[in-house]
Amino acid sequence: TIPRESPFAMPFEVIIVPCRSDNYAYLIHANGQTALVDAPEAGPIVNELAARGWSLDEIWITHHHGDHVEGVEELRERHGALVRGGAADRDRLPRLDVELDDGATFQFAGSDVHVLDVSGHTIGHIAFHIPDAKAAFTADSLMALGCGRVFEGTMDQMWASLSRLAALPDDTLIYSGHEYTLANARFAVTIEPDNPHLMSRIEDINRARSAGEPTVPASLALEKATNPFLRAGLSSVKSYLNMSGESDANVFAEIRRRKDSF
Ligand code: ZN
Ligand code: FE
């Protein structure tokens, strides 16, 4: 058999493209190929591509909300990009060239891209995991110090989706869909006021935001150490919430409800 190339021999560049008021789109560039994760609007993405002299080969859609798909058609027309999105959500997404099922794997720039259903925020929301890039694109499922609001799915479903993401390798960088981290931090301290990792992360977040820098990506290890929505199963969190006998999913649901009215 042919030995697999070391991931370090395959440099992935991920460019963060701020869009609209607080969305992030991501350009993934490797081996001369470029893919875009979500298209909140076309303008900033067109400009970024032009500045780098890149064309756009593919567009990967996470879910149907307008702030993730509005730029898809214009970018498809300009660049002739191949559009991939979840089969389960095909009726609500822009026209797809490739429909992706949960568990599907496709190739990009010579590397595997794994598709995970992470329903909860919407039904049919998917995430993209690229092991060679040590990166996962999670949009409005797992977010920096937070998670998306549960609009369409159930709390159990969102907990299951977050648990799937939590099972990825610890050194995976989590690229989420919005810059919500400061507000998430203000909430996180109400759940774990004594978590030292959370306190030092909040210092980093404040520093980054004062410098006008994004707070994404963050490693999954850091999310697991600080994100209250991933920590619903911990006995310390359960006891702080007076929910010691409750299931992890129920504790997650309580934390999510508290955030909704925070
Ligand atoms: Zn959304
Ligand atoms: Fe969104």
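Each chain carries its own residue numbering, running from 1 in the direction its sequence is written. Chain labels run from A onward and ligand labels from 1 onward, assigned in the order the entries are written. In keeping with the predicted nature of the model, local features appear solely for residues at pLDDT of at least 70, side-chain atom pairs appear and are counted solely at 80 or more, and the whole-chain, interface and lining totals rest on all residues. Hydrogens and waters are ignored; side-chain quantities use all the structure's heavy atoms.

### Looking at the coordination of the iron ion (ligand 2)
When a metal carries six donors in an octahedron, the ideal angles between them are 90 or 180 degrees, while four donors in a tetrahedron ideally lie at 109.5 degrees.
So, step 1. With water omitted from the atoms examined, metal sites may look incomplete; donors here are N, O and S atoms no farther than 2.8 Å from the metal, or 3.2 Å in the case of Na, K and Ca. At 2.1 to 2.4 Å from the iron ion (ligand 2) lie its protein donor atoms, namely Asp67 (OD), His68 (NE2), Asp140 (OD) and His178 (NE2).
So, step 2. Only four donors with every angle between 85 and 135 degrees are called tetrahedral; only four or six donors with opposite donors over 155 degrees apart and all others between 65 and 115 are called square planar or octahedral, in that order; all others are irregular. What the 4 donor atoms of the iron ion (ligand 2) show is an angle range of 83 to 170° at the metal, which sorts the shape as irregular.
So, step 3. Separating the iron ion (ligand 2) from the zinc ion (ligand 1) is a distance of 3.1 Å, and aspartate 140 supplies a donor atom to each of them. This pair shows no difference in class: aspartate 67 is buried, exactly as histidine 68 is. In this scheme, a residue with accessible area under 20% of its type's maximum is buried, one over 50% is exposed, and one in between is partly exposed, where area comes from a 1.4 Å probe on protein chains only.

### Section: the sheet that holds strand E9 (residues 126–130)
So, step 1. Pairing between two strands requires that DSSP report at least two bridges joining them. What counts as a helix is a DSSP run of H or I of at least four residues, what counts as a strand is a run of E of at least two, and both are numbered from the N terminus. If you trace the 6 strands from one edge of the open sheet to the other, you get E7-E8-E9-E10-E13-E14, paired in mixed fashion. Only two strands of the sheet have a single neighbouring strand rather than two, namely strand E7 (105–108) and strand E14 (218–219).
So, step 2. Here 4 bridges tie strand E8 (residues 111–117) to E9, and the two strands are oriented antiparallel to one another. Residue pairing in the sheet places valine 115 in a bridge with phenylalanine 128 of E9.
So, step 3. Between two residues, a contact is recorded if the distance between any of their heavy atoms is within 4.5 Å. In this description, a line fitted to the C-alpha atoms serves as the axis of each element, helices being fitted only across the stretch in contact, and the angle between N-to-C directions of two axes falls anywhere from 0 to 180 degrees. Across the sheet, helix H4 (residues 155–166) touches E8, E9 and strand E10 (135–139), and the angle it forms with E8 is around 155°.

### A look at empty space enclosed by the protein
So, step 1. Only protein atoms enter the 1 Å grid used here. Points where a 1.4 Å probe fits but cannot escape make up a cavity, open sets with protein on both sides within 12 Å along at least five of seven lines make up a pocket, and a residue lines them when an atom lies within 4 Å of a point. Grid points are joined across faces, edges and corners, and a volume is the space filled by probe spheres set on the points. Tallied over the entire structure, the rule returns 1 cavity of 30 Å³ or more.
So, step 2. Computed from the structure, the largest cavity encloses a volume of approximately 30 Å³.
So, step 3. Along its surface, the largest cavity is lined by Tyr24, Tyr26, Val37, Asp38, Ala139, Tyr175, Ser176 and Gly177.
So, step 4. All amino acids are sorted into three groups, where Ala, Val, Leu, Ile, Met, Phe, Trp, Tyr, Cys and Pro are nonpolar, Asp, Glu, Lys and Arg are charged, and the leftover types, Gly among them, are polar. Along the lines of polarity and charge, the residues of the lining of the largest cavity split into 5 nonpolar, 2 polar and 1 charged.

### Brief notes about the coordination of the zinc ion (ligand 1)
So, step 1. Bound to the zinc ion (ligand 1) are the protein donor atoms His63 (NE2), His65 (ND1), His121 (NE2) and Asp140 (OD), situated 2.2 to 2.3 Å from the metal.
So, step 2. Viewed at the metal, the 4 donor atoms of the zinc ion (ligand 1) are separated by angles of 85 to 174°, and the geometry they form is irregular.
So, step 3. All donors of the zinc ion (ligand 1) belong to a single chain; written as a sequence motif, their spacing is H-x1-H-x55-H-x18-D.

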